[in-house]
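# Examining the three-dimensional arrangement
Each chain is listed here by its residues.
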Amino acid sequence: METRGKVLILGATGGIGGETARQLIREKWEVRALKRGSHGSELNGEIQWMAGDALDKEHVASAAKGCSVIVHAVNPPGYRNWQHLVLPMLRNTINAAERNGSLIVLPGTVYNYGPDAFPLLREDAQQRPVTRKGAIRVQMEKELEAYSQRGGRVLVVRAGDFFGPHAGNSWFSQGLIKPGTLPKVISNPGTPETGHQWAYLPDIAKTIAALLARREELEPFARFHMQGHWDPDGSQMVRAIQRITAQYGGVAKINAFPWWFMYLAAPFNATLRELLEMRYLWRQSVRLDNTKLVTFLGAEPHTPLDEAVRMTLQGLGCLKSRTG
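Residues numbered from 1 in each chain as written. Predicted model: local features only at pLDDT ≥ 70, side-chain atom pairs only at ≥ 80, totals over all residues. Heavy atoms only, no water.

## Some words on empty space enclosed by the protein
This structure, assessed with the given rule, holds one cavity of 30 Å³ or more. A volume near 50 Å³ is recorded for the largest cavity. Around the largest cavity, the lining residues are Asn188, Gly190, Thr194, His196, Trp198, Asp231, Gly234, Met237, Val238 and Trp282. Of all the secondary-structure elements, those providing two or more residues to the lining of the largest cavity are strand E11 (196–200) and helix H7 (236–247). (1 Å grid on protein atoms, 1.4 Å probe; cavity = no way out; pocket = protein on both sides within 12 Å on 5 of 7 lines; lining within 4 Å. Points joined across faces, edges and corners; volume = space filled by probe spheres on them. Helix = DSSP H or I, 4+ residues; strand = E, 2+ residues; numbered from the N terminus.)

Set out below in structure tokens:
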């Protein structure tokens, strides 16, 4: 069977990595993924799973052999140990890409930016972060740009907060609602009248696939911003969850997110401490400008909000059968 090429996905068991793998398979790519605990190489579904660890340089290099693209979508779980794990994993990806002449795809974040760049972020905005994780993300992009200057190729696709049917580790699934049950309470982390950027994972995956289909036209270090779902006053997402819940016979009330509890619990929980560091993104409007992406592709893949929320709630086990 003729394919578009071979791609290695690091982080294929996560939300963005898994969604990108599924989309690239649909578009006839040969997809490999690295997974700890695998034995050798095994075909599971349409993904070739390779045994290995993203923290092992030779594991990554071996898995990347013959791959024209490496999607670097791997992150430490629960936001923990970023300072010790994130850059070593990226450097292993860069090493493997240099050996194979691979294009590296990085799903980008808004952590790179500080308030001086808000509220509208273009690709050329100055990156002056105010958090530790933001500084690490900036360093990641600097090292990728250096790789491009040595003859490599890089694609950064930046989007807002992820949500989707397979996004278990996200603000949507861990902050707004409780997975596995029809919502009764929806928590809103945002400050009233403050805009927030959301990104539906299948739309991100389609955007990455569309850009890869035209990868020969991209500059060596290409960055694109997605608009995704812009919530202009911070209420549209929670209201969409409330609407979909009502369609399935539920009544959900919207409450303010209990930040006070996070402050109390943070000294005893590393993940909560890391999440609190990013609270500033809920206190100020931050919007990504997708003009460059639309100019290049003609349109940004976009699923209507209610449909995206319904699919997300279904994937998280929150919706059963409709009543009435």
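## Things to note about a nonpolar patch on the surface
On the surface, a cluster of nonpolar side chains totalling about 390 Å² of accessible area is made up of Trp260, Phe261 and Leu264. Structurally, the position occupied by Phe261 is in helix H8 (residues 259–265). Since its relative accessible area comes to 46%, Phe261 is described here as partly exposed. (Patch = residues over 30% accessible without salt bridge, like charges linked within 9 Å, V, L, I, M, F, W, Y side chains within 5 Å. Areas by Shrake-Rupley, 256 points an atom, 1.4 Å probe, with all protein chains shown as cover. Salt bridge = Lys/Arg side-chain N within 4 Å of Asp/Glu carboxyl O. Buried < 20%, exposed > 50% of the residue type's maximum accessible area, 1.4 Å probe, protein only.)

## A few points about the sheet that holds strand E9 (residues 161–163)
An order of E9-E11-E13 is seen for the three strands of this open sheet, with the pairing classed as mixed. The open sheet has two edge strands with one neighbour each: E9 and strand E13 (229–231). Each strand of the sheet is rotated relative to its neighbour by a mean of 30°, with strand direction disregarded. Pairing of E11 with E13 involves three bridges; the strand directions are antiparallel. Looking at E13, one finds that His196 is bridged to Asp231. (Pairing = 2+ DSSP bridges. Axes fitted to C-alpha atoms, helices over the stretch in contact; angles between N-to-C directions.)

## Details of the environment of Leu288
Structurally, the position occupied by Leu288 is in strand E15 (residues 287–288). Between the C-alpha atom of Leu288 and that of Trp230, which follows or precedes it by 58 residues, the distance is 8.7 Å. Excluding residues that lie within four positions of it along the chain, Leu288 makes contacts with Val110, Leu120, Leu121, Arg158, Ala159, Gly160, Gln197, His225, Met226 and Gln227. (Contact = heavy atoms within 4.5 Å.)

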